[in-house]
Amino acid sequence: MAKRQSITDDQLVKAYASGDNEAFDALLKRHQDRIFNYILRIIKNEDIANDIFQETFVKAILTIKQGRYTENGRFPAWISRIAHNLIIDHYRQEKSENMQSSDIEEVDVFNRKDLCEATIEDIIIADQIRDDVKYLIELLPELQKEVLKMRYYQNLSFKEIAELTGVSINTALGRMRYAIINLRRLASEKDIVLTM
């Protein structure tokens, strides 16, 4: 590992793109504190900052694995830009969820479905979706199923999942990514709709 400290970020990116998962672990270790602190300083909520941090490195993994990383010599700036864009996305989403225009006369702010109690039909559909998701999860490979359950049902961070399963964060993120891809594929193959 001491040897990896003398390797540049770009060399680590190339090594990871060629299949060396430990190279990404070295990149993560090298930049995780700075990126997490940057996100937390802006977001000021540790849980949300943790989610954005994890999403930042998932995007980095996908981009590198797809061969789309082109920022030679500028990995720190590139990963910071991903985090920054995700922070902006978070605030945009938060803003759109909290906004309701009073300029449109036909909008009745007090007659919105999202402010009403669920109907019996909504409850039945939600229960069916939950049952379908549980069924599909059981069809996943064991390692993917384990990570998915730890993340969504136990609400563990990828760092905690990695520690509990004895794998790197990168491996835990990869298993989660494949679990989601496989869930979508299985839902499509079995004609299961997972939205209301």
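Here, the structure is the one placed above.
Overview of the structure.

Conventions adopted
Residues numbered from 1 in each chain as written. Predicted model: local features only at pLDDT ≥ 70, side-chain atom pairs only at ≥ 80, totals over all residues. Heavy atoms only, no water. Helix = DSSP H or I, 4+ residues; strand = E, 2+ residues; numbered from the N terminus. Buried < 20%, exposed > 50% of the residue type's maximum accessible area, 1.4 Å probe, protein only. Contact = heavy atoms within 4.5 Å. Areas by Shrake-Rupley, 256 points an atom, 1.4 Å probe, with all protein chains shown as cover. Core = buried A, V, L, I, M, F, W, Y, C linked by side-chain atoms within 4.5 Å. Phe/Tyr/Trp six-rings, centres within 6.5 Å; stacked < 30°, edge-to-face > 60°. Lys NZ or Arg CZ within 6 Å of the ring centre and 35° of its normal. Axes fitted to C-alpha atoms, helices over the stretch in contact; angles between N-to-C directions. Parallel < 35°, antiparallel > 145°, perpendicular 65-115°, else oblique. Left-handed = near helix turned anticlockwise from the far one by under 90°. Nonpolar A, V, L, I, M, F, W, Y, C, P; charged D, E, K, R; others polar.

Quick notes on the overall build of the chain
Helices and strands together make up the secondary structure of the chain, namely nine helices and zero strands. When the elements of the chain are put in sequence order from the N terminus, they spell out α-α-α-α-α-α-α-α-α. Within the span of the chain, comprising 196 residues, buried residues form 36% of the whole. In the chain, the share of contacts with a sequence separation of at least 24, taken over all contacts with a separation of at least 6, comes to 57%. Accessible surface for the chain amounts to roughly 12,900 Å². Of this, 51% is attributable to carbon and sulfur atoms.

Quick word on the nonpolar core
Membership of the largest hydrophobic core comes to 44 residues, with the highest contact counts inside it found for Phe24, Ile39, Phe57, Ile64, Phe75, Trp78 and Ile79. Listing elements by their share of this core, those giving two or more residues are α2 (9-17), α3 (21-43), α4 (46-65), α5 (75-98), α6 (120-138), α7 (142-152), α8 (158-165) and α9 (169-189). For this core, the element with the most residues is α3, which contributes nine residues. Setting aside residues up to four positions removed in sequence, Ile79 forms contacts with Arg34, Ile35, Thr56, Phe57 and Ala60.

A few points about the packing of aromatic side chains
Tallying each qualifying case throughout the model produces seven aromatic pairs. Measuring from centroid to centroid gives 5.8 Å for Phe36 and Phe53, while their planes differ by 85 degrees, and the two rings are edge-to-face. Here the residue Phe36 occupies a position in helix α3, and Phe53 occupies one in helix α4, the gap between them amounting to 17 residues. Looking at Phe53, the relative accessible area reads 12%, which means it is buried. An aromatic cluster is present here, built from Tyr16, Phe24, Phe36, Phe53 and Phe57 joined pairwise through their rings. Between the NZ or CZ atom of Lys65 and the centre of the ring of Tyr16, over which it lies, the distance is 4.4 Å. We note Arg177 situated over the ring of Tyr178; from NZ or CZ to the ring centre the distance is 5.1 Å.

Things to note about the packing of α3 against α4
Here α3 crosses α4 at 140 degrees, and the two axes come no closer than 9 Å. Taken together, the axis directions place α3 and α4 in an arrangement best described as oblique. Here α3 and α4 pass one another in a crossing that is right-handed. Note on element contacts: α4 touches α3 through Glu46, Ile48, Ala49, Asn50, Ile52, Phe53, Thr56, Phe57, Ala60, Ile61, Ile64 and Lys65, opposite Asn21, Phe24, Leu28, Gln32, Ile35, Phe36, Ile39, Leu40 and Ile43. Per-class residue counts for the contact of α3 with α4 are 15 nonpolar, four polar and two charged.

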